[in-house]
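Next come the chains, spelled out residue by residue.
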Amino acid sequence: MRNREMSEITTGPGGRMDDDEEPPLDPAAEKLRRKLTRLLVGSFGIMGLGFVAVFIAILYRTGVFGDAEAVPPLAASGASASASIAIEAGESVVSSDLDGNRILLRVRNASGAESLILFDASVGQVVGRYRLQPQPPQGN
């Protein structure tokens, strides 16, 4: 008798399964289905935020979000800019680095002491000069 009741529940009239209707899930399976649906939606949300962050980082690195004031006026108009950076007599440039409008020079004097010169190309001035003082190694 139990088999007959189960077959009536799972089949439509005439003893055939309806194509559009599925038998209802038991409460535990329904709870699991809802949990998995939430997990899937959360995973897609986090992945979407990750893609947005990557695209923003790419746009930021390409300079799309850069401010117009950061570009020197002469460089923006296409004209060439020139300026001179004063270093002391007997100093030689060891290395240089460029960051936007800032130029960092590492110079060494005749005695071997090194210093850093920070030059702002947008205003054509030395912003700072920093002496490097080596520290003796600390014993443990």
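Residues numbered from 1 in each chain as written. Predicted model: local features only at pLDDT ≥ 70, side-chain atom pairs only at ≥ 80, totals over all residues. Heavy atoms only, no water.

A.B. asks: Give a detailed account of the overall build of the chain, specifying residues and quantitative values.
C.D. replies: Each helix and strand in the chain was counted, giving three helices and four strands. Its helices and strands taken in sequence order, the chain reads α-α-α-β-β-β-β from the N to the C terminus. Here the chain holds 140 residues, and the buried ones make up 9% of them. Taking as baseline every contact in the chain between residues at least 6 positions apart, the subset at least 24 positions apart corresponds to 18%. Surface exposure of the chain reaches about 12000 Å², of which carbon and sulfur atoms provide 58%. (Helix = DSSP H or I, 4+ residues; strand = E, 2+ residues; numbered from the N terminus. Buried < 20%, exposed > 50% of the residue type's maximum accessible area, 1.4 Å probe, protein only. Contact = heavy atoms within 4.5 Å. Areas by Shrake-Rupley, 256 points an atom, 1.4 Å probe, with all protein chains shown as cover.)

A.B. asks: Which residues make up the environment of Thr-37, and what values go with them?
C.D. replies: Looking at the secondary structure, you find Thr-37 in helix α2 (residues 27–62). With a relative accessible area of 38%, Thr-37 lands in the partly exposed category.

A.B. asks: Could you give an account of the pattern of salt bridges, naming the residues involved and the relevant values?
C.D. replies: What the rule picks out here adds up to seven salt bridges. With its nearest N and O atoms 3.9 Å apart, the salt bridge here joins Arg-129 to Glu-88. You can see Arg-129 sitting in strand β4 (residues 125–132) and its partner Glu-88 sitting in the loop between α3 (73–77) and β1 (92–99), a full 41 residues away along the chain. Put simply, Arg-129 and Glu-91 hold a salt bridge, and the shortest N to O gap is 2.4 Å. Here the residue Arg-129 occupies a position in strand β4, and Glu-91 occupies one in the loop between α3 and β1, the gap between them amounting to 38 residues. We classify Glu-91 as buried; its relative accessible area is 11%. Here the residues in one salt-bridge network are Glu-88, Glu-91, Arg-129 and Arg-131, joined through shared partners. (Salt bridge = Lys/Arg side-chain N within 4 Å of Asp/Glu carboxyl O.)

A.B. asks: Break down the environment of Leu-132 for me, with residues and values.
C.D. replies: Take Leu-132: it is sitting in strand β4. Assessed through its relative accessible area of 30%, Leu-132 is described here as partly exposed. Ignoring sequence-local partners within four residues, the contact set of Leu-132 consists of Arg-106, Glu-114, Ser-115 and Leu-116.

A.B. asks: Now, about the pairing of β4: what can you tell me, with residues and values included?
C.D. replies: Pairing geometry for strand β3 (residues 114–120) and β4, over seven bridges, is antiparallel. Its bridge partner lying in β4, Asp-120 is registered against Gln-125. In sequence, β3 turns back onto β4 through a hairpin of four residues, with Gly-124 there showing a positive phi of about 75°. (Pairing = 2+ DSSP bridges.)

A.B. asks: Could you give an account of α2, with specific residues and numbers?
C.D. replies: Here α2 is 36 residues long and its end C-alpha atoms lie 53 Å apart, about the 52 Å a rise of 1.5 Å per residue gives. Once α2 finishes, Gly-63 follows within two positions and takes phi at roughly 95°, a positive value. (Expected span 1.5 Å × (residues − 1).)

A.B. asks: Lay out a nonpolar patch on the surface in plain terms, naming residues and giving numbers.
C.D. replies: There is a patch of nonpolar side chains on the surface, built from Leu-40, Phe-44, Met-47, Phe-51, Val-54, Phe-55 and Ile-58 and spanning about 710 Å² of accessible area. By secondary structure assignment, the location of Phe-44 is in helix α2. (Patch = residues over 30% accessible without salt bridge, like charges linked within 9 Å, V, L, I, M, F, W, Y side chains within 5 Å.)

A.B. asks: Report on the confidence of the model for the chain, specifying residues and quantitative values.
C.D. replies: Averaged over the chain, the pLDDT score is 79; the fraction of residues at 70 or greater is 74%. Within the chain, the element-level pLDDT minimum falls on α3, averaging 51, and the maximum on α2, averaging 94. (pLDDT = per-residue confidence, 0-100.)

A.B. asks: Describe in detail the sheet that holds strand β2 (residues 102–108), supporting the description with residues and values.
C.D. replies: Spatially, β1-β2-β3-β4 is the arrangement adopted by the four strands of the open sheet, whose pairing is antiparallel. Only two strands of the sheet have a single neighbouring strand rather than two, namely β1 and β4. Ignoring which end each strand starts from, the neighbouring axes of this sheet average 20° apart. With seven bridges joining them, β1 and β2 adopt antiparallel strand pairing. Directly across from Val-93, in β2, lies its bridge partner Val-107. (Axes fitted to C-alpha atoms, helices over the stretch in contact; angles between N-to-C directions.)

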